[in-house]
Amino acid sequence: MLTANNPDRKTWLSIPDSTDFPIQNIPFGVFMAEDDIVCIGTRIGDYAIDLSALHQYGYLDGLELPDDVFLQDTLNDFITLGRPLCRAVRNRIAELFDRENQELQSNTEHQKEILFEIDHVQMLMPVFIQDYTDFYSSREHAENVGIMFRGKENALMPNWLHMPIGYHGRSSSIIISGEDIHRPKGQTMPPDAQKPVFGPSKRLDFELEMAFITTDGKPLGESIAVGEAEEYIFGMVLFNDWSARDIQKWEYQPLGPFLGKNFASSISPWVVTLDALEPFRVQGPEQEPTPLEYLQNDGPKGFDINLQVYLAPEGGSETRISNSNFKYMYWSMAQQLAHHTVNGCNINTGDMMASGTISGPTEDSYGSMLELSWSGSKPLKLGNGEERTFIQDHDTIRMTGYGQKGSLRIGFGEVLTKVLPAR
Ligand code: CA
């Protein structure tokens, strides 16, 4: 039972009206409090809540949690417990912060040890990411890029409508929101050049994506079916898959993305559980031709999550440059995970599977500068009068995301990254 999702529940904490983190969210993350101690926690409104302190004071008694599960630097041990136990913890947290509940509400001494103002903590990487896979599951994005790279005739590769296309990325360069990146350098073949050149990328881009984080899967050699796939998905984050288009274009054939992609990907710090996103479940796009049987969804597997991208030049205010939605994804997360494991590939706790750039049907819903500026041919106007085709040094990209149903809003906060000049 998802009692934590009760939309009528109110918390005794004082929280902003429009917060991404009402008591119905209860995401999980890792933060450093003022005393430099790493805490595994959750968030309600603008409070970070230390779960190890909650556990230590007995507020989670009866849940059969390992003693040290919250005395870790990452969520991995917690995620390994599996979705039913994580769900029970989330339900218990909701109950404890319900304004009808006096247990912690009336104990101000304990509150001092458990609650931290969000501005006074530093968010850390929530999970140790063992493996990172990037899919390519937005049809609009695949078609747009296909047209630009290969022409209209070959926009969508013949396999694209039959399976979720993906590649194995690199987890070592996945970073947390707030960490700056340097413009990557690499080898490119400029238009009309006779031989390649080396230098800073001239076509640095973001990719608006979301990523899901898995629990432990099945032993090597076994597969996860579409119908059971969501039980192996712990939660989701916002994901900015930084890309250097000029490096990518020169290197990507025949084996696919490499140095144009693996220099950085940024994530939002709070992992929003799939349980919390349940109210936003929707049917995905119709799939024609019907996929092979192992890829057939057995119900609605899409999620209606509004996504925005903002660009801020150095010292200037930000301009919203994209407004997309996770529901545009052609292939669902369940289909992606089923496909990923259909050959017997195993997955582990903390694996990160990104959606691929999420572009919608309209020009203002494209999820990358490559598409928004149509390969540099249509500069975007910023609020301060400047123009952009790709990302310049000292620009900051911020992505936000939330589901909204009536007055219920479940959000992800943000993933924000500033680009510094090449080293
Ligand atoms: Ca990507």
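Residues numbered from 1 in each chain as written. Predicted model: local features only at pLDDT ≥ 70, side-chain atom pairs only at ≥ 80, totals over all residues. Heavy atoms only, no water.

Engineer: Break down the pairing of strand β21 (residues 319-325) for me, citing the residues and quoting the values.
Structural biologist: Among the seven residues of β21, five are classified as buried, and the element is accordingly described as predominantly covered. Sheet analysis places strand β20 (residues 306-312) next to β21, joined by six bridges and oriented antiparallel. Its bridge partner being in β21, Asn306 is matched across the sheet by Asn325. (Buried < 20%, exposed > 50% of the residue type's maximum accessible area, 1.4 Å probe, protein only. Helix = DSSP H or I, 4+ residues; strand = E, 2+ residues; numbered from the N terminus. Pairing = 2+ DSSP bridges.)

Engineer: Talk me through the coordination of the calcium ion; I want residue IDs and the actual numbers.
Structural biologist: Summarising the metal site, the calcium ion is bound by the protein donors Asp134 (OD), Glu207 (OE), Glu209 (OE) and Asp241 (OD), whose distances to it range over 2.2 to 2.3 Å. Look at Glu207 and you get buried, because its relative accessible area is 3%. (Donors = N, O, S within 2.8 Å, 3.2 Å for Na, K, Ca; no water.)

Engineer: Let's hear about empty space enclosed by the protein: which residues, and what values?
Structural biologist: Using the criterion set out here, one finds one cavity of 30 Å³ or more in the structure. Considered as a void within the structure, the largest cavity measures approximately 50 Å³ in volume. Taken together, Arg83, Cys86, Arg87, Arg90, Phe234, Thr273, Leu274 and Asp275 make up the full set of residues lining the largest cavity. Top element by residues in the lining of the largest cavity is helix α3 (residues 83-96). It accounts for four residues. Broken down by class, the residue content of the lining of the largest cavity amounts to three nonpolar, one polar and four charged. Each of domain 1 (3-124) and domain 2 (132-420) accounts for three or more of the residues forming the lining of the largest cavity. (1 Å grid on protein atoms, 1.4 Å probe; cavity = no way out; pocket = protein on both sides within 12 Å on 5 of 7 lines; lining within 4 Å. Points joined across faces, edges and corners; volume = space filled by probe spheres on them. Nonpolar A, V, L, I, M, F, W, Y, C, P; charged D, E, K, R; others polar. Domains from an automatic or database assignment.)

Engineer: Would you mind going over the side chain of Thr400 in detail, with residue names and values included?
Structural biologist: For Thr400, the location among the structural elements is in strand β25 (residues 396-405). When neighbours within four sequence positions are excluded, Thr400 is seen to be in contact with Leu238, Asn306, Leu307, Gln308, Tyr310, Gly413 and Glu414. (Contact = heavy atoms within 4.5 Å.)

Engineer: Outline the nonpolar core, listing residues and values.
Structural biologist: Generally speaking, soluble globular proteins have nonpolar side chains that are buried together. The biggest cluster of nonpolar side chains holds 56 residues, and the ones touching the most others in it are Phe206, Leu277 and Phe326. In terms of residue count, the dominant contributor to this core is strand β26 (residues 408-420) (five residues). Counting 46 residues, the second-largest nonpolar core is a separate cluster that includes Leu13, Val69, Val127 and Ile267. (Core = buried A, V, L, I, M, F, W, Y, C linked by side-chain atoms within 4.5 Å.)

Engineer: So what's going on with the sheet that holds strand β4 (residues 115-117)? Which residues, and what values?
Structural biologist: With antiparallel pairing, five strands are arranged side by side in an open sheet as β4-β3-β2-β1-β5. Looking at the sheet topology across the chains shown, the edges are occupied by β4 and β5 (122-124). For this sheet the average axis-to-axis angle between neighbouring strands, irrespective of direction, equals 45 degrees. With three bridges connecting them, strand β1 (residues 29-32) and β5 associate as antiparallel partners. For Val30, the partnering residue across the bridge sits in β5 and is Leu124. (Axes fitted to C-alpha atoms, helices over the stretch in contact; angles between N-to-C directions.)

Engineer: Break down α3 for me, with residues and values.
Structural biologist: Its 14 residues place the ends of α3 20 Å apart at the C-alpha level, agreeing with the 20 Å of an ideal helix rising 1.5 Å per residue. Within α3, ten of the 14 residues are buried, which leaves it mostly tucked inside the rest of the structure. By the burial criterion, the buried members of α3 are Arg83, Cys86, Arg87, Val89, Arg90, Asn91, Arg92, Ile93, Ala94 and Leu96. Those residues of α3 that are buried are in contact with β2 (38-44), α1 (51-56), α2 (76-80), β14 (233-240) and β17 (272-273). (Expected span 1.5 Å × (residues − 1).)

Engineer: Let's hear about the domain arrangement of the chain: which residues, and what values?
Structural biologist: Per the domain assignment, the segments making up the chain are domain 1 (3-124) and domain 2 (132-420). Here the C-alpha centre of domain 2 lies 29 Å away from the C-alpha centre of domain 1. Listed as interface residues are 29 residues of domain 1 and, on the opposing side, 29 residues of domain 2. Summed over both sides, the interface of domain 1 with domain 2 buries roughly 2200 Å², with 59% coming from carbon and sulfur. When the buried surface of domain 1 facing domain 2 is broken down by residue, Asp20, Ile79 and Arg83 rank first, second and third, together holding 32% of it. Salt-bridge contacts for Asp20 lead to Arg409; the nearest nitrogen and oxygen are separated by 2.8 Å. Between the two partners, domain 1 and domain 2, sit twelve residue pairs in polar contact (both at pLDDT 80 or more). Sorting the residues of the side of domain 1 that touches domain 2 by element identifies β1, β2, α2, α3 and β5 as the ones contributing at least two each. Among the elements that take part in the side of domain 1 that touches domain 2, α3 stands out by supplying five residues, more than any other. (Buried area = accessible area lost by both parts, 1.4 Å probe. Salt bridge = Lys/Arg side-chain N within 4 Å of Asp/Glu carboxyl O. Polar contact = N/O pair within 3.5 Å; in protein donor to acceptor, adjacent residues only side chain to side chain.)

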